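Residue strings, one per chain:
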Amino acid sequence: MHPDIAILVKNQENVSAEWRDKLHGVEQRHYTYSSPLGNIIHYTLQCNTERVRSTMAKTNATPTPVKCRICAENRPSDQLFIEWIAQPSGNVFDILINPFPIFPAHLTVVSKSHRPQHIDAQDIQDFAFYSKMAVFFNGADCGASIPGHMHYQAAPIECFNIVEDAQKCSLGENLTDCASYIQGLERNVILMTTNRSDNAMEKFNALMQQIHRTDDRMINVLVYWNESQEQFLWFIFPRQKFRPDRFFAENEEQRLLISPATAELCGVIVTPDINTFNRITVDDIHTIISQS
Ligand SMILES: [Zn+2]
């Protein structure tokens, strides 16, 4: 993690008691799932009641709220930030501590200007290099809680189970010169690798074209700088649907309140609902992730 970000985390915690111990009381369980191909897949299940806003957020046609929660003038007055400028685009972002974290040091990286959620592959790659964290993007229709205002999120790389799980997997046929489906994780996920000198936007757009995606509304992405390989590793999830059928189950006993976004697809499953937390099985989790 960049030292300036570590300082931001510390300073925010020192502002007031409200910013400390945000993950206190959040329960977690760890699961391993053995796939028929013999791959071991790790899932972390988290019960986090503060996440009710994002899990239950309306999808599609979400109207831009009258007051955008992440525009600078509407943020809590005690929320600190550092300004960061992406290169070479010159796009300006504010780095904030997420007030409803899933992870320790969970950042929201918010565009300075109010503009719609849309990935800029060069910007997100640049932030991954600067921060040395895993940076993620939720498309407007698959997890972005404020689709009206462009934002990324970031957290320490080791928080995401997929990073280790993917290392034991093989790759399918090439989709482009630097991207292939990952085999063995039993979910729709592409691994793309780029170098520092690559034009990430070109590489990303070539892939989108290859998989016939015309926009990023149903795309989740996680990217990080792999120090030993000296490459960026991208996990790209072209989505079929946002919410699992059991999210809408009429029978409350059957209902599972999970809205898979990048964190979930990377192995960290969040529910705001204690009943879901208590009743869900590892098979349920795996089914949800593999059908997303
Ligand atoms: Zn805004």
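What counts as what
For every chain, the first residue of the written sequence is number 1, and numbering continues from 1 along that sequence. For a predicted model such as this one, the threshold for reporting local features is a pLDDT of at least 70, and the threshold for listing and counting side-chain atom pairs is 80 or more; totals across whole chains, interfaces and linings nevertheless cover every residue. When DSSP finds two or more bridges between two strands, those strands count as paired. Helix numbering and strand numbering both begin at the N terminus, where a helix is a DSSP run of H or I of at least 4 residues and a strand a DSSP run of E of at least 2. Each axis is a line fitted through C-alpha atoms, and for a helix only the stretch in contact is used; angles between axes span 0 to 180 degrees, taken between their N-to-C directions. We call two residues in contact if the C-beta atoms placed from their backbones are at most 7 Å apart. Here exposure depends only on C-beta density: within 10 Å of a residue's C-beta, 20 or more other C-beta atoms make it buried, 12 or fewer make it exposed, and intermediate numbers make it partly exposed, the C-beta atoms being placed from the backbone. Note that the arc is defined by the directions from the helix axis to the C-beta atoms.

### A few points about the sheet that holds strand S13 (residues 268-271)
Here's step 1: Strand order in this open sheet of three strands is S1-S2-S13, and the pairing throughout is mixed. The open sheet is flanked by strand S1 (27-34) and S13, the only strands paired with a single partner. The sheet shows a mean angle of 25° between the axes of neighbouring strands, direction not considered.
Here's step 2: Sheet analysis places S1 next to strand S2 (residues 40-47), joined by eight bridges and oriented antiparallel. Its bridge partner lying in S2, Ser-34 is registered against Ile-40.
Here's step 3: With respect to the sheet, helix H8 (residues 282-290) is in contact with S1, S2 and S13, its orientation differing from that of S1 by roughly 75°.

### Some remarks on the pairing of strand S7 (residues 151-155)
Here's step 1: Within S7, five of the five residues are buried, which leaves it mostly tucked inside the rest of the structure.
Here's step 2: Because side chains alternate across S7, one face comprises the buried residues His-151, Gln-153 and Ala-155, and the other comprises Tyr-152 and Ala-154, equally buried.
Here's step 3: Inspection of the sheet shows strand S5 (residues 107-111) paired to S7 by four bridges, in the antiparallel sense. Bridge pairing in S7 links Val-109 to Tyr-152.

### Regarding helix H5 (residues 200-210)
Here's step 1: Taken together, the buried positions of H5 are occupied by Ala-200, Lys-203, Phe-204 and Leu-207. Axial view of H5: buried residues confined to an arc of 95°, hence all on one face.
Here's step 2: Summarising the contacts, the buried residues of H5 are in contact with helix H3 (121-131), strand S8 (170-176), strand S9 (179-183), strand S10 (190-194) and strand S12 (231-238).
Here's step 3: In the segment just after H5, His-212 is the residue with positive phi, at about 60°.

### Some details on the environment of Ala-140
Here's step 1: Relative to the assigned elements, Ala-140 resides in the loop between strand S6 (134-138) and S7.
Here's step 2: Once you skip the residues sitting within four places of it in the chain, Ala-140 turns out to touch Pro-116, Gln-117, Pro-147 and Arg-217.

### Some words on unusual backbone geometry
For residues other than glycine, phi is negative in most cases, and the peptide bonds are mostly trans.
Here's step 1: Between Gln-87 and the following residue, Pro-88, the backbone shows a cis peptide bond with an omega angle of 0°.
Here's step 2: You can see Pro-88 is positioned in the loop between strand S3 (82-85) and strand S4 (92-97).
Here's step 3: For Asp-21, which is not glycine, the phi dihedral falls at a positive 50°.
Here's step 4: A tally of 10 C-beta atoms within 10 Å means that Asp-21 is categorised as exposed.
Here's step 5: Phi is positive for Lys-132, close to 60°, though the residue is something other than glycine.
Here's step 6: By the secondary structure assignment, Lys-132 is in the loop between H3 and S6.
Here's step 7: Assessed through the 16 C-beta atoms surrounding it within 10 Å, Lys-132 is described here as partly exposed.

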